[in-house]
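# Structural features, examined
Below, each chain spelled out in residue letters.
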Amino acid sequence: MNDEFGDTFPDGARVRADRHSATQRPREPSASSGFGSPGSDFTVKRIDLNDALIRHPQATFVMRATGDAMVEAGVWDNDVLVVDRAITAAHGHLVVARLDDELVCRRLVMADGIVALESAEAMPVRVVCNEERPLEVWGVVTYVIKPMLV
Amino acid sequence: MFALVDVNNMYVSCERVFNPQLAGKPLVVLSSNDGACIARSNEAKDLGIQMAQPWFQVRHLVKSKDLVALSANFELYADMSSRMMAITARFTPVAIPYSIDEAFLDFEGIPGDLTEICRELRATVLKELGLPTSLGLANTKTLAKLANHIAKTCDRKPTVYGAEVSARLSQVCNFAELREAELEALMCRTDVGDVWGVGRKIGEKLRAGGVKTVLDLVRADAATLRREFSVVFEKTVLELRGQPCMGVEEAPSAKQQILVSRSFGKPVTHLEGIEEAVSEFASRAAEKLRLQDSMAGAIQVFITTSPFRANDRQHSPSMTVPVRPTADSRHLVGAAVRAAREMFRPGFNYTKAGCMLLDLQAKQAAAQQSELDLFAEPEPQSPAAGQAKDRSSLMDAMDSLNRRFGRGAVRIGSATTAVANDSGAASWSVKQDRRTPRYTTRWDEIPRVRC
């Protein structure tokens, strides 16, 4: 699956530790063509998905979605979530939060004096946060990566 | 001004970030082969579990006290560590990692309220990584380390220094803000064994001589101390008195890890150069390891570009390779070189590299453990029964040649990695029944979120 993407995509187990600590992706070695390098001072950088998907490299984690309660928000079972902990969660954000000893993905509602986590399905379920059950946001979902090849 | 930042109960805290069920529970992390407790949550400490206590001695607490034990997940800890180090580097250009969970920061020339800056650093690490830290600030490294100890004690046990003091100094403790009388009161209540550089032996000797608290040591006669102890220890005492003797890169070695790292004279752009550097660093680390009769269960390797070369693109990967506990340079060098090859990318100006040995354990304990471990894989490539012995005498010979002819006289060539690969550390599977997923370094082990 996703062979075209080599080791940069979610299903390749070859991706290693440096992926997350690296702030920039290197360019490819350029000296292998028979034409020689047309000016080694000028280097271009191939488009790198990390630049687009990761704003805060140290604070960004990837997680796998399981379940169908967020399909209306565009999150399908088995999608990969890009989760940024540096962003402060606000009303309307898709968040990863701690709920009853597990991590869940929900829509954050902060309106009319109510703080709640809401699912996104045909019949949305809302869990209101209060003193007994305080809101504990783990991170904010910034992107959803989904496999489209069937 | 120096600051020492470290993560409270690092390994345990890393586990809790990804598993909310572990919050508030007594939790220990076990060494390779699940032999001994190498990290404890505060709740586990409160149960009386000691550092390095063998697992079989505390195992009964699983039933009686809901103790949770996990196998060490060094890939996770090392990745969280490199994130933490990168965050600290935002607050000062001079942030030197000292071990997997601590770094010295030099605030020379940084304007502003340093206590506030450190509180902000703490809040940032907590928000971005979920890891709680403690910070100590002072004008010498030894005092910064002591301030860190006090910051942590105030946070965990407010009764030790009193509620009012603890409220003020917990989490971030800046000695520069204290009056001398208050500093002395703190030192008077702090055991001399809590001073950086006072090991078990020195501590016993000091106590026998009537030096029981940090204040006793500060007030002890310098000439006597110099006679009784080493020059290095004299530095420790001078630093405690507020006289800086150690630069930010200089430090007595940490107990739990061995770190060898160095900046290159000029940037290295080729894999061969990187391989050579990490080979040397891993060899030196292995030599230190053997000197203290220990074995390592993992090696972390990092290479980095310089954030001060503003026009350079940056690449600072780090990778941890678990190995079956070993003190053999060849295995450690082999693992280090493999990691370097994996991480190296052409087109970058690398300016520094380092190797850190992790999961250190006493050689005898490790040996006993593997003897007892019926299901452990036999040592690969050891058809001859005496091979393990041969190997350690080879290492002994190497060490004595290096002592005699100077460091690096005899080296493990990175060329020998082919051999190391075959018998290789990576192919040895360490027994880790309770290891959590490597959440941040393996795509097939990323955390699951219920939707």
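It should be noted that the structure appears before, not after, this text.
The shown structure was predicted, so the numbers you read here are calculated from the model rather than taken from an experiment. (Residues numbered from 1 in each chain as written. Chains lettered and ligands numbered in written order. Predicted model: local features only at pLDDT ≥ 70, side-chain atom pairs only at ≥ 80, totals over all residues. Heavy atoms only, no water.)

## Here's the deal with helix α5 (residues 74-88) of chain B
Note the following rule: Numbering of helices and strands runs from the N terminus, with a helix taken as a DSSP run of H or I at least four residues long and a strand as a DSSP run of E at least two residues long. Each residue after the first adds 1.5 Å to the expected span of a helix. Buried residues are those whose accessible area, probed at 1.4 Å on protein chains only, stays under 20% of the maximum for their type, while exposed residues exceed 50% and partly exposed ones sit between those limits.
Taking 1.5 Å as the rise per residue, α5 of chain B with 15 residues should run 21 Å; its terminal C-alpha atoms sit 21 Å apart, in good agreement. In terms of burial, α5 of chain B is a largely internal element, 14 of the 15 residues being buried.

## With respect to the sheet that holds strand β3 (residues 37-40) of chain B
All names here are of chain B. Worth spelling out the cut-off: Two strands form a pair only when DSSP identifies at least two bridges running between them. Angles here are taken between N-to-C directions and fall from 0 to 180 degrees, while the axes themselves are lines fitted to C-alpha atoms, restricted in helices to the stretch in contact.
Taken together, the three strands give an open sheet; going across it, the order is β3-β2-β4, and neighbouring strands pair in mixed fashion. Only two strands of the sheet have a single partner each, and these edge strands are β3 and β4 (68-71). Mean inter-strand twist for the sheet, computed between neighbouring axes without regard to direction, equals 30 degrees. Bridge count for strand β2 (residues 27-30) against β3 is three bridges, and the pairing is antiparallel. Each residue of the ladder has a partner; that of L30, found in β3, is C37.

## What to know about the pattern of salt bridges
Between side chains of opposite charge, a pair can form as their charged atoms come close. Residues and elements named next belong to chain A. Threshold: Note on definitions: salt bridges are taken to be side-chain nitrogens of Lys or Arg within 4 Å of carboxyl oxygens of Asp or Glu.
Taken as a whole and assessed by the stated rule, the structure comprises 26 salt bridges over all chains. Where K146 meets D79, a salt bridge forms, and the shortest distance between an N and an O atom there is 2.6 Å. Placement of the pair is K146 in the segment after β7 (137-145) and D79 in the loop between β1 (60-66) and β2 (80-84), with a sequence separation of 67 residues. On the accessibility criterion, K146 (23% relative accessible area) is partly exposed. Its relative accessible area of 1% is what places D79 among the buried residues.

## Section: the pairing of β2 of chain A
Residues and elements named next belong to chain A. Where burial is concerned, most of β2 is hidden: five out of the five residues are buried. In β2, alternate side chains face the same way, and those of V80, V82 and D84 on one face and L81 and V83 on the other are all buried. With five bridges connecting them, β1 and β2 associate as antiparallel partners. By the bridge assignment, M63 is partnered in β2 with L81. Sheet topology places β2 next to β7; five bridges connect them, and they run antiparallel. Note that in β7 the partner of V83 across the bridge is V141.

## Quick notes on helix α14 (residues 271-291) of chain B
Given a rise of 1.5 Å per residue, 21 residues ought to cover 30 Å, and the 30 Å separating the end C-alpha atoms of α14 of chain B matches this to within 8%. D293 of chain B sits one or two residues past α14 of chain B and shows a positive phi near 55 degrees.

## What about the packing of α14 of chain B against helix α15 (residues 329-343) of chain B?
Residue and element names in this part refer to chain B. Quick note on the threshold: If you view the pair so one helix is near and one far, a crossing is left-handed when the near helix is turned anticlockwise from the far one by less than a right angle, and right-handed when it is turned clockwise. Pairs of residues are marked as contacts when any of their non-hydrogen atoms sit within 4.5 Å. Side-chain classes are defined by residue name, with Ala, Val, Leu, Ile, Met, Phe, Trp, Tyr, Cys and Pro counting as nonpolar, Asp, Glu, Lys and Arg as charged, and the others, Gly among them, as polar.
Where α14 meets α15, the axes come as close as 8 Å, and the angle between the chain directions of the two elements is 145 degrees. Between α14 and α15 lies a crossing whose hand is right-handed. Side by side, α14 and α15 meet where L271, I274, E275, V278, S279, A282, S283, A286, L289 and R290 of the first sit next to S329, L332, V333, A336, V337, A340 and R341 of the second. Of the residues assigned to the contact of α14 with α15, the class counts are 11 nonpolar, three polar and three charged.

Distances and angles like these do not, on their own, reveal function.
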